[in-house]
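Letter by letter, the chains look like this.
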Protein chains: 4
Amino acid sequence: MSRPLAIGVIGYGYWGPNLVRNFAETPGAAVTWCSDMREERRALVARRYPGIRATGDVDEMLRDPELDAVAIATPVHTHFALAKKALLAGKHVLVEKPMTASVAESEELVALAERQGRVLMVDHTFVYTGAVEKMKELVTSGELGDLYYFDSVRVNLGLFQHDIDVLWDLAPHDLSILTDLVPQTPRFVSAHAVDHTGSGLADMAYMTVHYDDAFLAHFHVNWLSPVKVRRILVGGSRRMVLFDDMEPSEKICIYDRGVTVTSKEGLYKTLIDYRTGDMWAPRIEFREALSRECEHFVECARLGKPPRTGGEAGLRVVRLLDAATRSMAAEGRREPV
Amino acid sequence: MSRPLAIGVIGYGYWGPNLVRNFAETPGAAVTWCSDMREERRALVARRYPGIRATGDVDEMLRDPELDAVAIATPVHTHFALAKKALLAGKHVLVEKPMTASVAESEELVALAERQGRVLMVDHTFVYTGAVEKMKELVTSGELGDLYYFDSVRVNLGLFQHDIDVLWDLAPHDLSILTDLVPQTPRFVSAHAVDHTGSGLADMAYMTVHYDDAFLAHFHVNWLSPVKVRRILVGGSRRMVLFDDMEPSEKICIYDRGVTVTSKEGLYKTLIDYRTGDMWAPRIEFREALSRECEHFVECARLGKPPRTGGEAGLRVVRLLDAATRSMAAEGRREPV
Amino acid sequence: MSRPLAIGVIGYGYWGPNLVRNFAETPGAAVTWCSDMREERRALVARRYPGIRATGDVDEMLRDPELDAVAIATPVHTHFALAKKALLAGKHVLVEKPMTASVAESEELVALAERQGRVLMVDHTFVYTGAVEKMKELVTSGELGDLYYFDSVRVNLGLFQHDIDVLWDLAPHDLSILTDLVPQTPRFVSAHAVDHTGSGLADMAYMTVHYDDAFLAHFHVNWLSPVKVRRILVGGSRRMVLFDDMEPSEKICIYDRGVTVTSKEGLYKTLIDYRTGDMWAPRIEFREALSRECEHFVECARLGKPPRTGGEAGLRVVRLLDAATRSMAAEGRREPV
Amino acid sequence: MSRPLAIGVIGYGYWGPNLVRNFAETPGAAVTWCSDMREERRALVARRYPGIRATGDVDEMLRDPELDAVAIATPVHTHFALAKKALLAGKHVLVEKPMTASVAESEELVALAERQGRVLMVDHTFVYTGAVEKMKELVTSGELGDLYYFDSVRVNLGLFQHDIDVLWDLAPHDLSILTDLVPQTPRFVSAHAVDHTGSGLADMAYMTVHYDDAFLAHFHVNWLSPVKVRRILVGGSRRMVLFDDMEPSEKICIYDRGVTVTSKEGLYKTLIDYRTGDMWAPRIEFREALSRECEHFVECARLGKPPRTGGEAGLRVVRLLDAATRSMAAEGRREPV
């Protein structure tokens, strides 16, 4: 294929402009369409990018036989219908996280993409950051030893989403990192949440993910924190790693610290030694993650390669969110994933 | 009473030396006895404080009719028996946190102190820090508005306690602050914990405390964190406060930030406004908390005043730990407090 | 004037794109021309802004009678000739800092702008940040009391400028803040610098500015620091303020701390009391400074108002740089400003 | 020698208690005397250490033939007379920094100690910290490459010294680190200082030390800073190191960052590349520096070894302070060391 991959962006609100800008600069790609239901947003597209056709009618865009792929950046409850329509029209699809609003919808999209032979990819942007790639390298190389825990805090004074609660809004970032890093299968989820404003949507939540072994993952998401925290701590038997996304330069710190079970004497005694050692902060590639992700999507679409964050990855995150939502409704009871 | 209050310190291990040093410098008090079962610890007491009688036999100490009070700094499972013996001998008692290893024991001590007319106080040191006193002032004056949440993180690479798990080791600090600050009665506790070393004791735990209203408290305690974090965030409808105990100077930051439910239009719409405003860090009194606490104990013992952290406060903390322990054993099920 | 102010941007390298983007979004302005000697930069302009005429010939641009103003973002040694030409052609001029490479050039531009009745403004961007505006407010309201010192550190591992040394590259930021905040007239400058790479350009420098009274200003600029620091501390007799530009949220912290000369007993004794008090961090307006500056330039050009950072302000900064350069050449001797 | 080294501590004010406590716990040493002119300080010694003879008369102490050594912790202007007297009485001497109030005095002490065959050591405590030992290792192993600069900031809202200015009070810490780390001989000093309170003593100062090559050292000391900063940055051609003493755990950070002069093309072009790489924070020994220093003094006194911070090291620091004082009086003129 010698002409560029023609991409249409659906939704030009908060995230859409980033997709347009990045795809516009991705080699081998061209943004040919952009749709938004709001007239003023279409006018903005037209002013900034005279070469892009702006429309209020997605179907018009999808009827273009020259269009190869779409990127969907609309509210969550619309993801499923739009992605389905696009896949049925034979387009490759990149969709915002969370992939859909329910497990059933995600499963249907995965199956449909398979049948249509099209790429279905979910925009788990963090997976494409230099920081998470470094963490992945540390986990898969065994550098961290056995994984002990994954502890994430993502809190700030944020804008309320009007169609989803804080868990569906913020946790997908961290859940996408978790599922990318950790190969084990999550078994159960417990979650607690509260709605302080009477909006009907939880504004803070705690979520715990249980596995077959002693590994444990925990998430704190909060729209009501006066301070902004973005930290993930991954503990292992050999080393531990801290990803602090608010840190301007040293985002990843690796600690040569841990605990060693040195011996067991008889039945009742375990000797435990603490090991404190050096810390190091490897240089991290600072290129914009979305730019690398757009390149990856274009490459997968052109070569028919399975993407790193394909429909299955999106489904895994939605399954965890779904189990958490059930647990929240059942007073924090463990719910199967 | 013109002679100083005569105090005996039981246990000269990690914390005992701090009690001896502080009581030795408290006006109106004198340390006359110190007991420890280990000969080398008694030798150390003798070398440092030639005027203090060191003994390996607590009963010998308690038989001294001149002894007015004891301070107990021994392993948790011994607190009950020692405190009971001391109260029965007519001594005032200051006991390390957690007060006892069970709710029944704590209840018995509270009742016994009442019957004996002696002061029973628990060493909730943090309650006597300038930082917590400032928080208390903010809560009780209504400065924070309605309380929304209490979120605490206390993690580090710590020394394993041999008789208690990480929850009973670390959480009493934060639970004592919670119960001091928040007047509402906790209803349920959910908790999750893991033991990664096979020691039989959990080394990390998450604990959630539920109330009748939307207020929520959450605790993360961890012996396996390579970084040391000591943070409590209290969110209110008007203001929020962060207590960061690792911060050398500005330990308390108050944020004039929050969320305002500005109006409800019809049934389905809530307009929510975020308010971002100034932050300020009030000057905090830096005097050693234990020194103020020792003064308070002496004053209560001499004047028969109820202490700020009396037996009831100790019992409240033990009730929460007990419910958490039950929840941990029941896969995180909500347990009544 | 009802048509927008027509602006030409000269130089589309590192800073030019920011000028184009901001003026393009400034109400009442329109970017009609952009010049750059490099063909690929002109191509980039053409692709991004089809409506802007890109040229390699500044004279062509200046001959356009419809052009009202130019913004100059070229290397420092070209500022004077370009600004002079533009003023002579009757255009208003916004020029990058430092305004020119010498005092004589700056003086000539100031005089020429006066004669031509055109606005000459220098791009001291920091002066338009919410942080510096807050500092200005604190200084002029007397909140800080008598000014004691201005201490600035601006260090990082930076890209070498090819036509100017580290002092002329980095110090203009801080000198523009100093001259905006402090009304007193600087009298002498001492400076020390070193060139470690043999490039002929100093890569680190220290500069001290002396006044008639005890107020002192000091600057540390460095291209060879592995860590990035951007801090200005202004000490006053009543309060002190820290501007930490690396801090994501609390950029300005005001300390109610200082020293009080409480009394003088006889000839030899001065009793000095330290006062430690609260700290507060006022909410700072986060709007992009360059956007406010562009609006201000357009307003001044349209209404003939003198700009906040006009030619005189540019001249004051160049005078200080010039004195520092002389001092550096004279082993750090005090040089008059 | 089988009996412990008998030590007398002169001055039981701010620092004396630390010397007494540390020598009391140093193997092979015993504190037998402590002198202070104030009765209440002697009473405090007597209460804390019944075994130590407290006196108001230094001569009485020095007449004791059993006394082997003294540690002097009195105001600076008294160091010379006391140290001289002690050396003449045949005692080894450890003296607080700065060693004396003038170069001549320091020279005389060095010569006298030599003649008397006694150890003269100056209490440059920082040299004995794990952090500075790590820095020394990095410098001497060539890990940092050629040394480029030494930049130190030591500022806080401090207590005024009544007999010395801020330079003589704070800079000795950093100058002792500089002279320990850097083998080159300093040639000139320039310094600027101001007295804002009319006390006759400068309360903030900047000091620059010049060498034969491009290496430069700079010091900022300040009693009027609302924030406490304790940072030393050492830049080298290969690596750079930051010592941040306010950092609770990672006090030493080593940056694999720098600048490489890659080639020179003809006469006018130097290609300079920046290298950004990993950072690492080695584990630092946290043992109290003064305790290691006391051991070292005892060892030197018993074995007749030259101490790491002997009279010559003390003299080097005093020479720098003296040159700075001359420069401050001469409007910042370069003064020879």
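Each remark here, short or long, concerns the structure printed above.
Bear in mind the structure is a predicted one, so any value in this text is a computation, not a measurement.

Asks: Outline the overall build of chain A, supporting the account with residue identities and numerical values.
Replies: Looking only at helices and strands, chain A has 9 helices and 17 strands in total. Over its C-alpha atoms chain A spans a radius of gyration of 21 Å, differing by no more than 12% from the 20 Å that the globule rule assigns to 337 residues. Its C-alpha atoms give chain A principal-axis dimensions of about 75 × 45 × 40 Å. Taken over 337 residues, chain A has a buried fraction of 60%. Taking contacts inside chain A between residues at least 6 apart in sequence as the whole, the part at least 24 apart equals 67%. On chain A, roughly 13,300 Å² of surface is accessible, and the fraction owed to carbon and sulfur atoms is 50%. Here chain A contributes 40 positively and 47 negatively charged side chains, and the mean placements of these two sets differ by 2 Å.

Asks: I'd like to hear about the state of the cysteines, residue by residue, with values.
Replies: Where two cysteines share a covalent bond between their sulfur atoms, that bond is called a disulfide. Summed over the entire model, instances satisfying the criterion amount to 0 disulfides over all chains. The thiol of C253 of chain C is unpaired, and the distance to the nearest cysteine sulfur, on C253 of chain B, comes to 8.5 Å. We classify C253 of chain C as buried; its relative accessible area is 10%. Cysteine C294 of chain D is unpaired, with the sulfur of C300 of chain D as its nearest cysteine sulfur at 12 Å. Given a relative accessible area of 1%, C294 of chain D falls into the buried group.

Asks: Could you give an account of the nonpolar core, naming the residues involved and the relevant values?
Replies: With 109 residues, the main nonpolar core has F150, L178 and M207 of chain C as its most contacted residues. Those residues within four positions of F150 of chain C in sequence are excluded, and the remaining contacts are D174, I177, L178, L181, F215, L216, A217, H218, F219, I232, L233 and V234 of chain C.

Asks: Lay out the relation of the copies chain D and chain C with the relevant residues and their values.
Replies: Under the fitted operation, chain D is carried onto chain C by 0.0 Å of movement along the axis and a turn of 180°, and the coordinates agree to an RMSD of 0.1 Å. Both copies of the chain, as the preceding transformation shows, are related through a two-fold rotation axis. Relative to the rotation axis, the C-alpha of R333 of chain D is the closest in chain D, positioned 2.9 Å from it. A share of 100% of interface residues in chain D that are also interface residues in chain C marks the association as one of identical surfaces.

Asks: Give me the relation of the copies chain C and chain A: which residues, what numbers.
Replies: Overlaying chain C with chain A gives an RMSD of 0.0 Å, the required rotation being 180° about an axis along which the chain moves by 0.0 Å. When the interface residues of chain C are mapped onto chain A, 100% of them again fall at the interface, so both copies present the same face.

Asks: Summarise the sheet that holds strand β1 (residues 5-10) of chain D; cite the residues concerned and give the values.
Replies: Residue and element names in this part refer to chain D. Strand order in the open sheet formed by 6 strands is β3-β2-β1-β4-β5-β6, with parallel pairing between adjacent strands. Each edge of the open sheet is held by one strand with a lone partner, namely β3 (53-55) and β6 (120-123). Direction aside, neighbouring strands of the sheet carry axes that sit 25° apart on average. Across the sheet, helix α8 (residues 289-303) touches β1, β2 (29-35), β4 (69-72), β5 (92-96) and β6, and the angle it forms with β6 is around 175°.

The rules we used
Residues numbered from 1 in each chain as written. Chains lettered and ligands numbered in written order. Predicted model: local features only at pLDDT ≥ 70, side-chain atom pairs only at ≥ 80, totals over all residues. Heavy atoms only, no water. Helix = DSSP H or I, 4+ residues; strand = E, 2+ residues; numbered from the N terminus. Rg over C-alpha atoms; globule rule 2.2 N^0.38 Å. Buried < 20%, exposed > 50% of the residue type's maximum accessible area, 1.4 Å probe, protein only. Contact = heavy atoms within 4.5 Å. Areas by Shrake-Rupley, 256 points an atom, 1.4 Å probe, with all protein chains shown as cover. Lys, Arg positive; Asp, Glu negative; His and termini not counted. Charge placed at Lys NZ, Arg CZ, Asp CG, Glu CD. Disulfide = S-S within 2.5 Å. Core = buried A, V, L, I, M, F, W, Y, C linked by side-chain atoms within 4.5 Å. Least-squares fit on C-alpha atoms with pLDDT ≥ 70 in both. Pairing = 2+ DSSP bridges. Axes fitted to C-alpha atoms, helices over the stretch in contact; angles between N-to-C directions.

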